[in-house]
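# Coordinates in review
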Amino acid sequence: MPGKLKAKIVAGRHLPVMDRASDLTDAFVEVKFGNTTFKTDVCPKSLNPQWNSEWFKFEVDDEDLQDEPLQITVLDHDTYSANDAIGKVYIDIDPLLYSEAASVISGWFPIYDTIHGIRGEINVIVKVELFNDLNRFRQSSCGVKFFCTTCIPQCYRATLVHGFVEELVVNEDPEYQWIDRIRTPRASNEARQRLISLMSGELQRKIGLKVLEMGGNAVVGYLQCFDLEGESGLVVRAIGTACTLDKLSSGTPASNACNSPSKDGKEALPTSSSPPPFSPSKPCSRQSSSSDTDLSLTPKTGKNTWPRPSFPFSSLPSPTLHIGEFPFFTLTSFPPGFLLHVGGVVSARSVKLLDRIHNPDEPETRDAWWEEIRQEIKSHARALGCHAVVGYSESTSICEEVCILSASGTAAILNPRYMREGCLDIGCTDHRFEEPSPPNCGFCHIPYDELNMPFPAQLTYCYHCRRQKVPDVLFTTIDLPSEAAVAGKGCLIQARLCRLKKKAQGEANATAISNLLPFMEYELHTQLMNKLKLRSMNALFGLHIQISVGENMLLGLASATGVYLTALPAPGGIQIAGKTPGDLSSEHISSIQKRINDTIAVNKELYQINPPELAEEGVGSPIPEPRHRSRLFRSHSESSDELSELDLSHGKKDAFVLEIDDTDAVEDIHSLLIDAPPPTGFYSCNTENMPGISNWTSGVQMFTSVRVLRLSNANLTNQGLNKIFTDLCENLLKSFYFKLRSMIPCCLCHLNFTVAVPEEELIQVTVTAVAMTYDKEQTQEKTAEKPINKGSLEAEEQLQFPLELCADSSSSNIQTASKISEGRSRSLRSSRSFGGSSVTVVKMTPLSFLPGTRIIKYLGIINMFFIRETTSLREEGGVSGFLHSFIAEVFAMVRAHVAALGGNAVVSYSMKECVFMENPNKNQAQCLINVSGDAVICISETDQESSASTANTGQTGGSETDGAT
Amino acid sequence: MSVELDVFVGNTTIMDEEVYQLWLDGYTVNDAVKVRMEGGVMDECEASKDVLLSDTMDQYRTFQMCERLLHSPAKLANQLLFQIPPHRQIMLIERYYAFDDTFVREVLGKKLSKGTKKDLDDISAKTSVTLKSCRRQFDNFKRVFKVVEELKGPLVENIRQHFLLSDKLARDYAAIVFFANNRFETGKRKLQYLSFQDFAFCAGQLISNWTVGAVDNMVEDMDVDLDKEFLQELKELKILITDKDLLDQHKSLVCTALRGKTKVFIEMEGSFKNLSRGLINIAAKLTNTKDVRDFFIDLVEKFIEPCRSDRWSAADMKLYLTHYTNSAHILDTFK
């Protein structure tokens, strides 16, 4: 009995009228944990009941504490008939289970009903008393911290990075059980919500156990996903990076451990006492029945030594890396110096046919599928001469019984210096690494052997150090390293593609999809490459390729942030050519050529790309004649487990000569030029940091937008579909720019597009992003001095100088704002109160930081799953009205939970799932949303000195919110 | 190909003041888009009509969802659904409760009932305020009326606290409630020259001088109903016109005080008895509810119009009434 959970129900407010006769409600509350239920007294005839209950105490195992949510149900008492449920609140008590996070959950929670939405609020206090349990066979993993953030969290330092952790659990989907035919939609939805909450808890606990076995205390870059496989079941899976984190004392500003633009890690690096090394984590040997890749088919080498036979440094004793079977890292940004070389994007896809999961306790098939894909990724990375994969992520797309599994990451070589502390057995040092490559270009240097290249590529000497070879373009899934030298600003680059496919069933369908995949990848890749050239840039960061499957089409969307790396050669232009040299339409061709050249010139200006002059000197290689090669290494396997490799380079043909041989080609070029640049005052990117902008001011607006398009014309061509899809994405961006125009100058960061084909003729695009304001004048000044790429020192100055400014401006903003509101309320007489309102302002952002603030405490992860259903769609304002209020409700519930934990912000927020189904004929609709993020307390940068010494987080959190409200 | 669903939700609720005003004014989405296009907002961000339409629909939906909260503004501050900065909340409330003077002039003094609500389309046609906007304004009046009806304490203060309105707007609402409760007739042709603000001023004076609340500030309906005892006592003023001596005495006192201070002295002196009778008769009849309703029309007919035909200025009127009141105090009967 290692834990005691205590809950107290204080009061309710704004309850709905449940008794039409009296216009009032007789409310009481049921508090349930596990199988124990307590009830409060009935508070008769009130819409604002005061229960002030006793403390309800639950004595439970810590295993249950991790898995189960606290379930609070508000009901209306009815003497004669059954009590009516008003709604529920699920509280995840996980944040109370580790000492550094929240100590109490207390606040107003929206009462949520899956049919009616939010119906009033309830004030609850929850506490946990944990007893120490030293049982080594325990199944719980209390105390392991989870972070969604994909970098080392601010205010922590990584002393060890252990490596990849993964787990999946499966169950039957309650929606598809026989009982669903006889129960109400509400009961079915609640069963699903509860099950997913339980499964998430279990998953987190199991991952926690793995981390403990590895000797870690935290999971960073925790990514949890649901696969709603319909008939065949429900899969909840998660991946993450196990670490040992040390909390920095609150007085010292977070230094080496984090790469957020508000901190600069460089200065800390040389002096840093212990940079995060890798630990020699033993392969975890557990007797668990759940997914366990260690028990799977791969030949298990006791210690995973990485033979690199064909690479130059293999002649030297190679450093042994013990970073688990899969040297994968879900992190996307790293402490400076951590990343030595980046090879390029590695990805793998596989098409599978779903079958019923017969035994939920042994989800071996699903495990084997992922295992197979990870092996593939690993071999791709190896082919690129890399021993690790960073920025790793996994995803699925399901349509009926077909499922596409995808994984992608960036092959990389990590600094063995960081591993030495962990692996003292490395006898020898690699000279190659002894001599540190310049921090601002080193990661661009090729990790593979020049004479033995895995694919045709044109190499030149690094434009920075002139010592190592670099490729002409670089594609990665990670964030731009903070030390990288760039010219100008970055921008969002998207490749969009639709492919029609015949409707089919089973095996035939899977084969058809498998056959289409390589073509899609090829085309997406070509589009990306062309668009990159068109913007005069030479590298992509944060590349994310999503391929979504529908009954009669496949959608592909690749998003990335383009940037000009000064270490890489300048990109060449794009040449247009007719099919034969003396083509008749040469005039036409030259006009297109002119348009392209003009666009490139305009873009150079727009993104302020003025690469340093010395690049022109060209050592050894003159201006490289642009030739296409792929840094994208991919493959896919079909259900038959056939493995096919695809060379994405265009063979001998020069890819940047675009041949116009038919009307399709003309269309393609037109679509290239269609992408409108963002209006003046706006920039956009899909990464954590906007290349070229770092002087953020305090304006932050996170938003989610969903658009669904119905294709009415059944006889669409691929070309027509492409145009529709492209317009859909472009129009969404235009809408954002318009809506956020009051924030100019501003940048849309972390633009995350998700596409889906919910029904045969529907295309759904969901976008979550954050708009942040910045100081324009400061940027211009900066860009003027930018081309002097003197490396870290200067970058540091650039970072810190604007920082002070933005902190100042943010605080003064707050001050003036509060002055205004004070002034107003005073002029309206002091009596004009807002009912003693105490709604905490909770900021949300998909980034790992909030500009102008410093995170002083992580309170735990928020991982919430909601279902909303309606049978009165028209009355709720149609599909848009329904979804609009649901998304607003989800935001409200996230904010309420964060506020109850004592926090004032959510960072690394993401909406992982937004499944929308409608049946307008029946006036019905249903939507599932899954969101996650890290609840934090952050304080304004300027408050730092005063509050850091007191370290009274509760108080500072409070005062901050007071100031903001 | 059609957009089936299109939503945009911000963590901080995005609201455009211009669109809010269009919504309040009862424009349809399409009309609002037209107005915005003409306003030149498209040039600001290279927006197209589709973008504008999508934005307008989003905002309209947001406002509709907020409307429920605006009905009890105190809820807006502690609801959790929308994160709206406090100064925006004040703006939302203030604008929602703002009204058109032309519209309120039409319903001022009318019973805030379903019957009146049915006539709103006529009023809408007459004032060229959209029907939707008329309904909102009418419902606001009714809502405020219903809430303060049951409250003790000063009227203006109650309105301000319950609806979080500015002082000015709260006073205007107090006037509307006061007029609706006493059903003062304001629609007659002879009263048409008076604006809402004129009546609101009168309401303010009546509330602070003639209601129960003016005497005792902790009774129900204190500011809404005229003080019955006071009205009863007004009957005693009749002696000023029935007693011939007293009438003469009063006249001479007033005239002495006025002599040489006004250009219309001759006319004042000549019409004194008539005017005094007019005023006293109105005062003495106020115990009848019917006569309370006609209070303003009577005042205009019996007092203001005769004065106006004699070309009194506003200053003359003020001077006359001051001395009229002061002189009465000097009379032995009222000592």
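In the block above lies the structure referred to throughout.
Residues numbered from 1 in each chain as written. Chains lettered and ligands numbered in written order. Predicted model: local features only at pLDDT ≥ 70, side-chain atom pairs only at ≥ 80, totals over all residues. Heavy atoms only, no water.

Take the interface of chain A and chain B next. Counting residues at the interface gives 63 residues for chain A and 49 residues for chain B. A combined buried area of about 5,100 Å² lies between chain A and chain B, and 61% of that area is made up of carbon and sulfur atoms. Connecting chain A to chain B are five salt bridges. Taken together, the links from chain A to chain B amount to 25 residue pairs in polar contact (both at pLDDT 80 or more). Counting only elements with at least two residues in the side of chain A that touches chain B, the list comes to β7 (105-113), β8 (117-130), β27 (696-710), α10 (718-739), β30 (843-844), α13 (878-900) and β32 (905-919) of chain A. Top contributing element to the side of chain A that touches chain B by residue count: α13(A), with 13 residues. Looking at side-chain class alone, the side of chain A that touches chain B contains 33 nonpolar, 16 polar and 14 charged residues. (Contact = heavy atoms within 4.5 Å. Buried area = accessible area lost by both parts, 1.4 Å probe. Salt bridge = Lys/Arg side-chain N within 4 Å of Asp/Glu carboxyl O. Polar contact = N/O pair within 3.5 Å; in protein donor to acceptor, adjacent residues only side chain to side chain. Helix = DSSP H or I, 4+ residues; strand = E, 2+ residues; numbered from the N terminus. Nonpolar A, V, L, I, M, F, W, Y, C, P; charged D, E, K, R; others polar.)

Residue and element names in this part refer to chain A. With three bridges joining them, strand β26 (residues 682-684) and strand β28 (residues 746-756) adopt parallel strand pairing. Directly across from Ser684, in β28, lies its bridge partner Leu748. Examined bridge by bridge, β28 and strand β29 (residues 762-774) share nine bridges and lie antiparallel to one another. When the sheet's bridge partners are listed, Ala756 is paired in β29 with Gln764. Hairpin geometry of β28 and β29 is characterised by an intervening segment of five residues between the two adjacent antiparallel strands. (Pairing = 2+ DSSP bridges.)

All names here are of chain A. The step from Ile744 to Pro745 runs through a cis peptide bond, and the omega angle for that step is 0 degrees. Examined against the element boundaries, Pro745 turns out to sit in the loop between α10 and β28. Notably, Lys45 is not glycine yet its phi reads approximately 45 degrees, a positive angle. Residue position: Lys45 is located in the loop between β3 (36-39) and β4 (56-60). Residue classification places Lys45 among the exposed positions, given a relative accessible area of 53%. (Buried < 20%, exposed > 50% of the residue type's maximum accessible area, 1.4 Å probe, protein only.)

Turning next to the environment of A:Arg20. All names here are of chain A. Residue placement: Arg20 occurs in the loop between β1 (3-13) and β2 (27-33). Looking at Arg20, the relative accessible area reads 74%, which means it is exposed. The spacing of Arg20 and Gln177 is 157 residues in sequence and 36 Å in space, taken between C-alpha atoms.

With that out of the way, let us pick up the pairing of β1(A). Residue and element names in this part refer to chain A. Where burial is concerned, most of β1 is hidden: nine out of the 11 residues are buried. Note: β1 against β8, 10 bridges, orientation antiparallel. Across the sheet, the residue bridging to Ile9 is Val124, located in β8. For β1 and β4, the ladder comprises five bridges, and the chain directions are antiparallel. Bridge pairing in β4 links Leu5 to Phe58.

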